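Results of the structural survey
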Amino acid sequence: MDRRAFIGTVAGGLLAAPLAGEAQPAGKVWRIGYLDQGSASRSRASVDGLKQGLRDHGWVEGRTIAIEVRFAEGKTDQLPRLAAELVHLKVDLIVTSTTPAALAAKHATQTIPIVIGFAADPVGSGIVASLAHPGGNITGWTHSGLELRAKYLELLKEAVPEATRVGVLWNPANQVHQPSLKVIEGAAQKLKVELDLAGVQDPQEIGRVFSALVAKGVQALVVFPDGMFQTQTPLIIALAARHHLPALYGLTEYAELGGLMAYGANLPKMHRQLGASLVDKILRGAQPANLPVAQPTEFDLLINLKTAKALGLTIPPSLLVRANRVIE
C-alpha cells in the first residue's frame, strides 16, 4: 500500500460516521477535560482543532458537551495538580497534549477515559501497553516522535552542510527527551556530526544555555518539541537569530514565527481529525482499551526563506521542493 493510500485508510477509519444506533443520551452534557503542558497563547490552536473536530461529529459546545481547559504554562510540575483538578470536577473524559500531560492524567485516574495526543513514545513512556491494544482507560494518537529526532538532524545537515557541531536543546523534565537523545546521537554518528546536548527546564536559563552553546562553537541547533519551550517560542527564535544559529524545531509554528525550519505533525489538524474522532467514539460507548493508538504518517516541513536570507544561507533546491510550505 502506498503512503497516500495508507493515510487515507487511517483517516477514513477514524473519521467514519458513527452507526445510526449509537445515539447520544438525550439531554446529557458530557464534560471533557483538556490538559496541556504548554501555554494558552501558544496552544490555543490545538484546542480549537479539537473543538472543530467535535463539531464535525455533531457535538455542540454548551449543549451536548462542555470543555474544561487547563494549561501548565510550561511548568511541568504543575501537571499533576491540574490533572487532579479535572478528576475532582468529575469530567467524563480527559484529552491530553504532550507526554508529560498524558502521564499526569494517567497517574490521576485509572477509570476516567483518557485520549492522549502529541505523545512521542506512549509505549516506551509507559502510557499504554501497546499501540494496537493500549489497555486500561487510555487511547489516543502518537506523532512517532522518537523516529523524528533523527530526521531533524538529517534535514538540518542538508540545509547547513558545513555544520559539524550541532547543539540540541532538550528538557530533562520531559520524560521522552532522554530516549530521544539516544536516537539523535545515533544519527549524529552516521552524519559525522558532533552534538552538544543542552538540557534546560527553567525558562530563565535559556539565554545562558544559548550563550554556552555558542561559546562551545556550535554551528546549528535542534530544538526538541516541548511545552515549556513552546511558551518561550519568541525568545528562542530571537536568541537563535542573535547568535546567528540556523535552527530546526520540532513544532511547525516556530517557522511561521521566524524560525528557519520546522518539521513535525500539524497539531491542530491531528487534534481535529484523530483526537476528536476518538473522543466521539468513546462518548458513544467505545472502550479506550479497544481503540488502537493512531499513528499519523504525514509530517510537515516548513522553511522560512526570510530567515535563511538573514542568516546568509542558501537552502538547496532539493530541500525546498520537499517542503510543505515555504515562507517568503
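The structure we're discussing is the one just above.
Note that residues are indexed from 1 along each chain, following the sequence as it is written. Since the coordinates come from a predicted model, pLDDT governs what is reported: local features require at least 70, and pairs of side-chain atoms require 80 or more to be given and counted, while whole-chain, interface and lining totals use all residues. Hydrogens and water are ignored here; the side-chain numbers use all heavy atoms of the structure.

1. Quick look at the layout of surface pockets
- Site definitions follow a grid-based scheme: protein atoms alone, a 1 Å grid, a 1.4 Å probe that fits but cannot get out for cavities, and for pockets an open set with protein on both sides within 12 Å along at least five of seven lines, plus lining residues having an atom within 4 Å of a point. Grid points are joined across faces, edges and corners, and a volume is the space filled by probe spheres set on the points. Roughly 190 Å³ of internal volume is contained in the second largest pocket.
- Lining the second largest pocket are 15 residues, and of these Thr252, Glu253, Glu256, Leu267 and Pro268 sit closest to its centre.
- In DSSP terms, a helix is any run of H or I states spanning at least four residues, a strand is any run of E spanning at least two, and both are numbered starting from the N terminus. Of all the elements in the fold, those that place two or more residues in the lining of the second largest pocket are α2 (40-56), α10 (253-256), α11 (267-283) and β11 (300-304).
- Here the element with the most residues in the lining of the second largest pocket is α2; it accounts for four residues.
- In this classification, the charged set is Asp, Glu, Lys and Arg, the nonpolar set is Ala, Val, Leu, Ile, Met, Phe, Trp, Tyr, Cys and Pro, and all remaining amino acids, among them Gly, are polar. A class-by-class count of the residues in the lining of the second largest pocket yields six nonpolar, five polar and four charged.

2. A few points about the nonpolar core
- Here the nonpolar core consists of buried residues drawn from Ala, Val, Leu, Ile, Met, Phe, Trp, Tyr and Cys, with membership extended through side-chain atoms lying within 4.5 Å. Burial classes: relative accessible area under 20% of the type maximum marks a residue as buried, over 50% as exposed, and values in between as partly exposed (1.4 Å probe, protein chains only). Membership of the largest hydrophobic core comes to 62 residues, with the highest contact counts inside it found for Val166, Leu169, Phe210, Ile236 and Met261.
- Contact definition: two residues touch when any of their heavy atoms are within 4.5 Å. The residues contacting Phe210, other than those within four sequence positions of it, are Leu169, Leu221, Ile236, Leu239, Ala240, His243 and Leu245.
- Judged by nonpolar contacts, the second largest core, of 21 residues, contains Ala105, Ile112, Ile116 and Ile138.

3. Some points on the side chain of Ser39
- Tracing the backbone shows Ser39 in the loop between β1 (30-36) and α2.
- For Ser39, a relative accessible area of 1% gives the class buried.
- Within the structure, Ser39 has its side chain in polar contact with the side chain of Ser41 (distance 3.3 Å).
- Ignoring anything within four residues of it in the chain, the contact list for Ser39 reads Arg44, Phe71, Glu73 and Thr231. Within 3.5 Å is the distance limit for a polar contact, defined as a pair of N or O atoms, with the added protein rule that one can donate a hydrogen and the other accept it, and that residues adjacent in sequence qualify only through two side-chain atoms.

4. A short note on α11
- The sharpest bend along α11 reaches about 30° and sits at Gly275.
- Extensive coverage of α11 is indicated by the burial of 12 of its 17 residues.
- If you check which residues of α11 are buried, you get Leu267, Met270, His271, Leu274, Gly275, Ala276, Ser277, Leu278, Val279, Asp280, Ile282 and Leu283.
- Measuring from the backbone nitrogen of Lys269 back to the side-chain oxygen at the start of α11 gives 3.0 Å, which picks out Asn266 as the cap.
- Looking at the residues trailing α11, positive phi occurs at Gly285, about 120°. In this scheme, the bend at a residue equals the angle between the axes fitted to the seven residues that finish there and the seven that begin there.

5. Focus: the pattern of salt bridges
- We count a salt bridge whenever a side-chain nitrogen from Lys or Arg sits within 4 Å of a carboxyl oxygen from Asp or Glu. For the structure on display, the rule yields 15 salt bridges.
- We note a salt bridge from Arg70 to Glu85, for which the minimum N-O separation is 2.5 Å. One end of the pair, Arg70, is in strand β2 (residues 65-71); the other, Glu85, is in helix α3 (residues 79-88), and 15 residues separate them in sequence.
- Put simply, Arg208 and Glu205 hold a salt bridge, and the shortest N to O gap is 2.4 Å.
- A relative accessible area of 28% means that Glu205 is categorised as partly exposed.
- Among the charged side chains, a salt-bridge network with shared partners connects Arg31, Glu68, Arg70, Arg81 and Glu85.

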